[in-house]
Structures are given as structure tokens and as C-alpha cells.
Amino acid sequence: MPKRNDIKTILLIGSGPIVIGQACEFDYSGTQAAKTLKELGYRVVLINSNPATIMTDPEFADRTYIEPITPEVINKIIKQENVDAILPTMGGQTALNVAMDMNEAGMLKGIEFLGATPEAIKKGEDRHLFNKAMIKIGMDLPKSANAYNLEEALKVAKEIGFPVISRASFTMAGGGSGIAYNMDEFKKLAEEGLDASPINEIEVMESLLGWKEYEMEVIRDKADNCIIVCSIENFDPMGVHTGDSITIAPALTLTDKEYQNMRDASFKILREVGVDTGGSNVQFSINPDTGRMIVIEMNPRVSRSSALASKATGYPIAKVATLLAVGFTLDEITNDITGTPASFEPVIDYIVTKLPRFTFEKFPMANSTLTTAMKSVGEAMAIGRTFKESFQKALCSLETDLIGFNPIKCDGEELVREIRRSHADRMLYVFEGLRRGMSVDAIFDLCKIDRWFLYQLEELALREKEMDIALLSDSTRLREVKSEGFSDEMIATVINGKEGLNLTENDIYNAREKMSVQLEYNEVDTCAAEFKALTPYLYSTTNITKLPHFDKLSDQTVPEPVEGKKVLVIGGGPNRIGQGIEFDYCCVHAAFALEDMGVKSIMYNCNPETVSTDYDTSDILYFE
């Protein structure tokens, strides 16, 4: 069906200031939404209070209000601008909460919700209503109960038994949530949760510590066409907020039967909750011993994971969700990257790793143990042909002086303690344990990270032990090492430690060049090369075998070089305290300015939350 013509002016609600759990990913989704609505001919009115965003630039909306995102201010804007509909699903929890507050106060009579109805939002966000909906469609849930005051919460905790997880309703980034191992811890946690929830509701549930956690990014249109954009698996077991967890896409340790069950369940959940158009995020957990699958929660909006899934697959989730919200169906929308219908489910032929960025060094007195309340301030994403390559590239992308799995200096007691504890550097301690000869089973018993991942890391540790000076004259061995993601600097460091040499990163690079062990660049195309990609979105990799030499460019799979003058724009990497969205703003405007000058822009960045890493911001994108 064509776009809706019964609405003229649409209010887009932004996410406000950057906070933990709500960062520049909503600038990405809001910018895409504003651009798309404007191209369709709608009059776009935007409210956001964050001046560092791309979306608040005058060219994106017809009318931009830099104002507090409050019901009173929004109500005045609606009357002033004669707004017909609001789109609250692109501005994170801030936009959803303010829209729901206004709806319940009767301030949105005659104003239509786009993307998700108030009923769907409430059913997805209210823990009690969500649980009832899941039971109705036969979904398995953890043993739990809701509480609305401290007395009720303490009674529920006694009935379930410790440890318990407490989750606050209508909050973001796990605000007011956590794990309690005794009554004293729970009392404090329950009070914080009841205070954090705008409806003073918490869910007290049985502990799922050690279970495997997954996310499904789902899109549905009004004709009930549903697709999975991307499956995402948490490297860390349950007990760590997904924003703080290392995540891998696509999911790697599911059987096909488990994946298909999860896919079918995701579609059932969207239908029952009532998300008729747009994207949602559904989270599951699986018991690694029994295979029991339970539903954790769903977000009836574009989320942090949506930005990651979009950059991981190349599928423009925010743009497609916006088009669906105004009447289009998936088969009517074209995927800009391949020119195919958006109803094609993405397929990827590479592995994506996201590592969270923490800044505990700024707050030395803070508790660095990771729980169900989010603590990271940014993230880096890397793409590789294998899990090993992708993971090691991601470590180098964090800009924390890592050159891979850096050695850890500690005694055996500290090693065991830090493998057991969830914290920012746990993967380094896990690898150090493997480096020192600890078995996969011993490490699994301590941290519950899936054995498949641990076996992959064990193979890297064994490869590291094999490295010596002879590696630099053996092209086959060097190619194997590079295909597993070892950086040149890491190779030099390992050889220096064994041989007492002073090799540098450049020495390894020169040795590789002499033997033609070079990086190749592959495309992110959403379809595993089934169709020709129309936009150059690239990542580097080292192929396990040397690629053939092509005499004609037309014989190659890589895109043709862009002619004319070109400028490389180097991005700001993962967000951190003191370096955030404002530098992405600069990168995006550099690309826009170069376009105005007739100069081709090449964007180089590793932050999946950003507008600069959108496929249509620059002429060429390198995700490195």
C-alpha cells in the first residue's frame, strides 16, 4: 500500500541527553527517521534537548525544538504545530515514557501513535502485563511475581528463594535492577527498583545465572510479514546486562532447531504484544544443561541492539521501521544496499563482535563488578571472517592500549577470582588461564561462558605458543596467524618475548608484504553476496588462502575504486567520558561538506551507534 495521506505533520520525539544505556544510537535512529519522513513529503517536527546530535541540525526536520522533553512542552508544540501523529519509538525509553505519560493523562486525544500503539507499549514494558501475555501464548517464563511496595517484594523473595533478580518496569539500561544473594541486599535493591520505576513496579524472579542469553531483532509490517534482521548471542552468561556483555552476531552456539524455535517465538510475541509496524528486540535465555528456553523481555521500539544489528548486517532498520509506520509493507520497500525488497531476511557470511567500553579508571571507587544494571559508556564493533579474527579486531578497537589478548600479571588465586567475577577485563583473564594451561572445563565451571567460545580461545592460545621467528619466513603459517586476527604488534610482542628480540609492528608488516600476506576488503551486503551490493560498506580480513590475481577489475568481487578527489575521515571510535557524540557530529558534517565540494568521502570508524557509520553518510565506509 502507498504511504498514508491522512496525516500531514508528524512529531518525532528524541532521547534527550546522553546517559548510560541511551547514547548516540538514538541519534542514528532519529536522524534516519527524520530524513525518511521528510523525503516522503511529511512535515516533520522534532523535539530534542541534546545540542550535540545530528538530528537537531536544521536541515533534518521542518521545525526543530531544543526543549526539555516533558509532557507540558510537548503539549504546547502539538498545539502550535497542529501535529497529527507522534513517532515515539525512535527516541529510546525517554520518548516512550513521555508519550505514555501524556496518553494516560489524556493529553494526546486525536493524536495517533505511529510505530507502536499505547496498548502495545504498555504490554511490552509493564512486567505484569507482559508476563500475562506470554503465558497466554504458551511461552515459558522464569518463576516470578510483581511487587508494588517493599512489603510485597520481601514476601515474594522469601517464596522464590535466593539468589533472586529484581527488575524495575519502564526503565532503561537495567535501571533499578540487579541480583541479590540475601535479604539485606534484596531490601536495598527492591527500594531502588520501586523508586526507579515510574509506575513503582518491580518483578522479582528466580535467578538464571549461568544460562545463555540471546536477542532477536525483529521487524513486522501491518500485513503481518515478519523477518528476523539479526540474531545476537551474548558471550557472557546471564547476570550481565546485555549492554555490558560482549555480544556476537549471528548467534553461534544454537542448534538449528533452537534457532527456529526462537525465531517462531519472536514472531508470536510481536503479534501478541501488538507491535503492528516497525522493529522490536526480543530477549531469550536457554539453560545450557536442559535446553529449556524462556522469554526474558521485549522492547517495542528501536533499541541499542537495533543499531548494532543494523550495522552488523547493513540492513537499515530505523529507515525501514519508519516507512512501515506510515503505511508501507516490507515487500514495497527497497533495501538501498542491494536493491532487493526489504522483506528479504538478511544473511551474513562473516562474524561481528561488539565489545563494551568502560571508564572505571575515571571512578576508581566504583564497583567494577558487572550486574544487570548497565555500566558501560560506549562500544566498539569489529567484523571478521571468523570468530577469532572478529574478536581480536574488536579488542584492538577499544582504544584501551590492547593489541589483542594482552598478558595479565597475577598469581593463581587472583586469576581464578577474576575469571569467576564478571568485569570489564574478564576475557583477558579467561585467555590468561588458557595461556597458563587451565582446561576449558575448569574455566567453564568458573565463568559459565559457553564451551564453544572457550575452545576457540584455547586454539588462539595454542597458536600463540607456536609463534617464533621462523614464522616470518613461512607464508603459510603467517597467513594462518593473520587469518585468526592476531595484530602485527601482538605477533611482534610474542616473538620478542620468546626470542629476546626487539621486533616492531613495522617489521611484521614488512615481512607480510614480502610474502603477499595482505589484507583483503570484503563487503557488508545483507545477502552473503547473493546480489550485487550498491553501496561500498567494507571490512578488512586476511583470507586463509591467497586469493587469485585478477587481470580485469570486473572479475573481482570488491567494488570498483571511486574516481576523483577523495578524503579519508577518521572517526572517534567508541564513546567514552570526554569523547562522545559531539565528535561523530564533526565527522558527519565533514562528509557533508566534502559532498558539497564535489570531493568523495571515505569514513573510517568502529562505533556501531553512530550516524557516521550509516551506509548513506559517506561515499565509502570502512568499519575498522
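Parameters at a glance
- Residues numbered from 1 in each chain as written.
- Predicted model: local features only at pLDDT ≥ 70, side-chain atom pairs only at ≥ 80, totals over all residues.
- Heavy atoms only, no water.
- Helix = DSSP H or I, 4+ residues; strand = E, 2+ residues; numbered from the N terminus.
- Rg over C-alpha atoms; globule rule 2.2 N^0.38 Å.
- Contact = heavy atoms within 4.5 Å.
- Areas by Shrake-Rupley, 256 points an atom, 1.4 Å probe, with all protein chains shown as cover.
- Lys, Arg positive; Asp, Glu negative; His and termini not counted.
- Charge placed at Lys NZ, Arg CZ, Asp CG, Glu CD.
- Domains from an automatic or database assignment.
- Buried area = accessible area lost by both parts, 1.4 Å probe.
- Nonpolar A, V, L, I, M, F, W, Y, C, P; charged D, E, K, R; others polar.
- Phe/Tyr/Trp six-rings, centres within 6.5 Å; stacked < 30°, edge-to-face > 60°.
- Buried < 20%, exposed > 50% of the residue type's maximum accessible area, 1.4 Å probe, protein only.
- Arc of directions from axis to C-beta.
- Pairing = 2+ DSSP bridges.
- Patch = residues over 30% accessible without salt bridge, like charges linked within 9 Å, V, L, I, M, F, W, Y side chains within 5 Å.
- Salt bridge = Lys/Arg side-chain N within 4 Å of Asp/Glu carboxyl O.
- Axes fitted to C-alpha atoms, helices over the stretch in contact; angles between N-to-C directions.
- pLDDT = per-residue confidence, 0-100.

### Points about the overall build of the chain
Move 1: The secondary structure content of the chain amounts to 19 helices and 21 strands.
Move 2: On C-alpha atoms alone, the chain measures out to a radius of gyration of 24 Å, which is about the 25 Å that the 2.2 N^0.38 rule sets for 624 residues.
Move 3: Here the C-alpha coordinates of the chain stretch approximately 75 × 65 × 45 Å along the principal axes.
Move 4: Partitioning the contacts of the chain with sequence separation of at least 6, the portion at a separation of at least 24 is 68%.
Move 5: With an accessible surface of roughly 24800 Å², the chain has 51% of that area assigned to carbon and sulfur atoms.
Move 6: Each charge class in the chain can be summarised by its mean position, and for the 64 positive and 94 negative side chains these summaries are 2 Å apart.

### Here's the deal with the domain arrangement of the chain
Move 1: Along its sequence, the chain is carved into domain 1 (9-114), domain 2 (125-139 + 210-348), domain 3 (144-206), domain 4 (400-515) and domain 5 (535-541 + 550-623).
Move 2: Relative placement of domain 1 and domain 2: their C-alpha centres are 24 Å apart.
Move 3: Buried area between domain 1 and domain 2, summed over both chains or domains, comes out near 1600 Å², and the portion from carbon and sulfur atoms is 68%.
Move 4: The set of elements that each furnish at least two residues to the side of domain 1 that touches domain 2 consists of α1 (25-39) and α3 (92-104).
Move 5: Residues that form the side of domain 1 that touches domain 2 fall into these classes: 11 nonpolar, seven polar and one charged.

### Quick word on the packing of aromatic side chains
What describes a pair of aromatic rings is the distance from one ring centre to the other and the angle between the planes of the rings.
Move 1: One pass over the structure, following the stated rule, counts 14 aromatic pairs.
Move 2: Summarising the aromatic geometry, the rings of Phe60 and Phe592 are spaced 6.4 Å apart at their centres and angled 45 degrees between planes, so their arrangement reads as tilted. Here Phe592 lies in helix α19 (residues 581-596) and Phe60 lies in the loop between β2 (43-47) and β3 (63-65), a separation of 532 residues in the sequence.
Move 3: Aromatic side chains Tyr350 and Tyr539 sit 5.4 Å apart centroid to centroid with 55 degrees between the ring planes, which places their arrangement in the tilted category.

### A word on helix α4 (residues 118-125)
Move 1: Residues of α4 that are buried include every one of Pro118, Ala120, Ile121, Gly124 and Glu125, and no others. Seen along its axis, α4 keeps its buried residues to an arc of 165 degrees; they face one direction.
Move 2: Lining the buried residues of α4 we find α3, β5 (112-113), α5 (127-136), α8 (256-273) and β14 (293-299).

### Some remarks on the sheet that holds β5
Move 1: Spatially, β3-β2-β1-β4-β5 is the arrangement adopted by the five strands of the open sheet, whose pairing is parallel. The open sheet is flanked by β3 and β5, the only strands paired with a single partner.
Move 2: Looking at chain direction, strand β1 (residues 9-13) and strand β4 (residues 85-87) are connected through three bridges and run parallel. Bridge assignment links Ile10 to a residue of β4, and that residue is Ala85.

### Quick word on a nonpolar patch on the surface
Move 1: On the surface, Leu568, Ile570 and Tyr604 cluster together into a nonpolar patch covering about 310 Å² of accessible area.
Move 2: Mapped onto the elements, Tyr604 comes out in strand β20 (residues 600-605).

### Notes on the sheet that holds strand β7 (residues 164-168)
Move 1: Pairing is antiparallel in the open sheet, where four strands are placed in the order β6-β9-β7-β8. Lying at the two open borders of the sheet, with one neighbouring strand each, are β6 (144-147) and β8 (178-180). Ignoring which end each strand starts from, the neighbouring axes of this sheet average 25 degrees apart.
Move 2: Pairing analysis gives three bridges linking β7 to β8, with the strands arranged antiparallel. Across the sheet, residue Ser166 finds its bridge partner in β8, namely Gly178.

### Quick notes on the pattern of salt bridges
Move 1: Taken as a whole and judged by the stated rule, the model has 34 salt bridges.
Move 2: For Arg220, the salt bridge is made with Asp224, and the minimal N-O distance between the two is 2.8 Å.
Move 3: Among the salt bridges present, the one from Glu459 reaches Lys388, with a minimum N-O distance of 2.5 Å. On the criterion of sequence distance, the pair formed by Glu459 in helix α15 (residues 451-466) and Lys388 in helix α11 (residues 387-397) is long-range, its members being 71 residues apart.
Move 4: Using a relative accessible area of 38% as the deciding quantity, one classes Glu459 as partly exposed.
Move 5: Using a relative accessible area of 9% as the deciding quantity, one classes Lys388 as buried.
Move 6: A single salt-bridge network, built from bridges that share partners, covers Lys388, Glu459, Arg463, Glu466, Glu480 and Glu484.

### Overview of the environment of Glu191
Move 1: Structurally, the position occupied by Glu191 is in helix α7 (residues 183-196).
Move 2: For Glu191 and Leu270, which are 79 residues apart along the polypeptide, the C-alpha to C-alpha distance reads 32 Å.

### Thoughts on the confidence of the model for the chain
Move 1: Across the chain, pLDDT averages 90, with 97% of residues at or above 70.
Move 2: Confidence drops under a pLDDT of 50 for residues 552-556, and excluding neighbours within four residues, the segment shows four contacts in the predicted structure.

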